[in-house]
Every structure is written in structure tokens, then in C-alpha cells.
Amino acid sequence: MSSPILDARSFPHFASFLAASQEYARDAHYRLLPGTFRVVDGVVVRQNLQGEAAPNDVTLRFLSAPVVQEVFATLRRGGDDSNHLLEDLHFAWQVVVSESIRKMLVTTCKELGMFPPSPPPAFIGENDCAYFTVSASFPAIAQRLYNNEVRNLCQQTDGVGPAYLQARTASFLLDVAESASVSLPGVSQESERLLAEFKERVAEWQRHGNKPPFGDRIRNLGLQVCVFKANAGQWFGRCLGPEAEQAAQSSADPHSLPFREQMYFC
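Keep in mind it's a predicted model, so treat the numbers as computed, not measured.

Colleague: Report on the overall build of the protein chain, specifying residues and quantitative values.
Modeller: When its secondary structure is counted, the protein chain shows nine helices and two strands. For the protein chain, the succession of helices and strands along the chain, N to C, is α-β-β-α-α-α-α-α-α-α-α. Relative to its full complement of 266 residues, the protein chain shows a buried share of 45%. Considering only intrachain contacts with a sequence separation of at least 6, the fraction spanning at least 24 residues in the protein chain is 72%. On the protein chain, roughly 13,400 Å² of surface is accessible, and the fraction owed to carbon and sulfur atoms is 52%.

Dropping the structure here:
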């Protein structure tokens, strides 16, 4: 039995919609490009971009599914009928924010030669994945991030683990929200605090004489915090996935990317 393309279990109010979206999501690389769908007289239609080919059969089947039409129409109408859907969209937003933060922390650890730290902190067990406890030392946070990464890899089926499947689905749903003109919350103060404290833990570690192994390749974590704040109110699910992971590990200039997509790379 093949693995699911989208995670309906984490977003129960979108379960039928996600079931109807599996084929389209796979064909569209798990994206629903903002600006390519619009609601006209209560019906969601695909608007062709200039020079773009007509929609294929997969897209037409997706658009013709009654549950797809109903979800878009409900989100556009708003009101009490949309409350349950909005609950799932807000959770999707939290998932994308949390995953983007995790990836930023992991990227910083890798660039500082601390993924994993060597030697590992003696007091951190292999099942300790509480990396969000940023009051701990930088080596402890780095080890917990590494433990979490190992756990995610061990949970994979056909190359996809539950954490990534959930994040991929959350990103897809935020595309839906944007296409339906749904407003989402801004970045929380708690998320900003976590990034700021992590930055301080890194600074403390460096003040004790620890030097990054790759010198001028290290990106300023202060810039991460600034970009994170500047993007409050915008989602950044585009940063998810193995392609982003590969790009983050390359020496490409992150500032060549569109500003909205720098969240993961900066």
C-alpha cells in the first residue's frame, strides 16, 4: 500500500477535501499556486497565467470535485460555516511556522559544525528531542535537534515521515487559504522569543572561544530574526522539502532568492 500524499488525519475538517486533492497535489508537486485559482459567482475556477497551457485532466478533475468547490466557497463566504475549516488552517499555520523555525535552527547548527556536536553533551539522552527549550546551552539544543532529525528519519515510510507529511499538507492548505483570501495570524511573540534566545545561546557559545569551521560561510542569525519579524503575517511554506534542504546546504547566495522565500535560507 502506497503512502498517502497528504495528511488528512492532522486536519480532520479538510479530510474529504484532502482525499479529493491527492492526485492534484502529486501532479502539482504539493503546491496550489496562489493566483491560479479564483472564485467566480461562488464557483472556484482556474485562471490561466499568460503563456500558460490549458489545465490538464488532473487539474480539471480536482476543480470538478464537489468537495473542492464547497471548501473554496465556504472559505470565501466566511461566517460560522467556515469556523471549523479556519481551525485547521490556523493549525496549519502553526505547523509551517514551527517547521520553518526548526529548519533555521538546524541550518545554523550545520554551518557551525554542531550537527551533531562532538563530543555530544553527556546529559542529553538519545531520545531527548526537546530542542525548543532554548534556555539550555547551544550544544544541548544542537544535540536535541539532531536527535529529532534522527527520529524523523527512523519514522519514514517510502522516504516520507509523519512530520514531513504533516508539514507538506500544512503548506498545501496555506496555498488554499491564500487562494481563498483567508487572513492568517501573524508570527507570535513566543516564536520571536525562541529565535532571539537561540541567537543568544549561539553568541554565548562563541564567546567561550568556539569558532565556526567555515568562517565567511556562516550567515548572521541576527538577520534570521529580522527577516522572521519582517515576514510576520505572511506564510513561508515554500521553504519546506528536500529541495530546500539541499539549497540550504549549498553555498548559493540566499539573498538571490525572492524575499518571501528567504525564511529558510537566511
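Colleague: I'd like a rundown of the layout of surface pockets, residues and numbers included.
Modeller: As a volume, the largest pocket reaches approximately 540 Å³. Along the wall of the largest pocket there are 24 residues; nearest its centre are Gln94, Val95, Ser98, Glu99 and Tyr131. Counting only elements with at least two residues in the lining of the largest pocket, the list comes to α4 (83–111), α5 (138–154), α6 (162–179) and α7 (189–207). With nine residues, α4 is the largest single contributor of residues to the lining of the largest pocket. Its residues placed into classes, the lining of the largest pocket shows 12 nonpolar, eight polar and four charged.

Colleague: Can you lay out the pattern of salt bridges for me, pointing to particular residues and giving the numbers?
Modeller: Following the criterion strictly, the structure yields 12 salt bridges and no others. Close ionic contact of Asp175 with Arg31 constitutes a salt bridge, the shortest N to O distance being 2.7 Å. Of this pair, Asp175 sits in helix α6 while Arg31 sits in the loop between α1 (15–27) and β1 (37–40); the two residues are 144 residues apart in sequence, bridging distant segments of the chain. Of the two residues examined, Asp175 and Arg31, each falls in the buried class.

Colleague: I'd like a rundown of the environment of Asn148, residues and numbers included.
Modeller: By the secondary structure assignment, Asn148 is in helix α5. Exposure remark for Asn148: the relative accessible area of 5% places this residue in the buried category. Excluding anything up to four places from it in sequence, Asn148 contacts Arg102, Cys129 and Tyr131. Of the polar contacts made by the side chain of Asn148, one reaches the side chain of Arg151; its length is 3.0 Å.

Colleague: An account of unusual backbone geometry is requested, with residue identities and associated values reported.
Modeller: A cis amide bond, omega 5 degrees, links Phe115 with the succeeding residue Pro116. Relative to the helices and strands, Pro116 resides in the loop between α4 and α5. With phi around 60 degrees, Ser181 is a residue other than glycine that occupies positive phi space. Tracing the chain through its elements places Ser181 in the loop between α6 and α7.

Conventions adopted
- Residues numbered from 1 in each chain as written.
- Predicted model: local features only at pLDDT ≥ 70, side-chain atom pairs only at ≥ 80, totals over all residues.
- Heavy atoms only, no water.
- Helix = DSSP H or I, 4+ residues; strand = E, 2+ residues; numbered from the N terminus.
- Buried < 20%, exposed > 50% of the residue type's maximum accessible area, 1.4 Å probe, protein only.
- Contact = heavy atoms within 4.5 Å.
- Areas by Shrake-Rupley, 256 points an atom, 1.4 Å probe, with all protein chains shown as cover.
- 1 Å grid on protein atoms, 1.4 Å probe; cavity = no way out; pocket = protein on both sides within 12 Å on 5 of 7 lines; lining within 4 Å.
- Points joined across faces, edges and corners; volume = space filled by probe spheres on them.
- Nonpolar A, V, L, I, M, F, W, Y, C, P; charged D, E, K, R; others polar.
- Salt bridge = Lys/Arg side-chain N within 4 Å of Asp/Glu carboxyl O.
- Polar contact = N/O pair within 3.5 Å; in protein donor to acceptor, adjacent residues only side chain to side chain.

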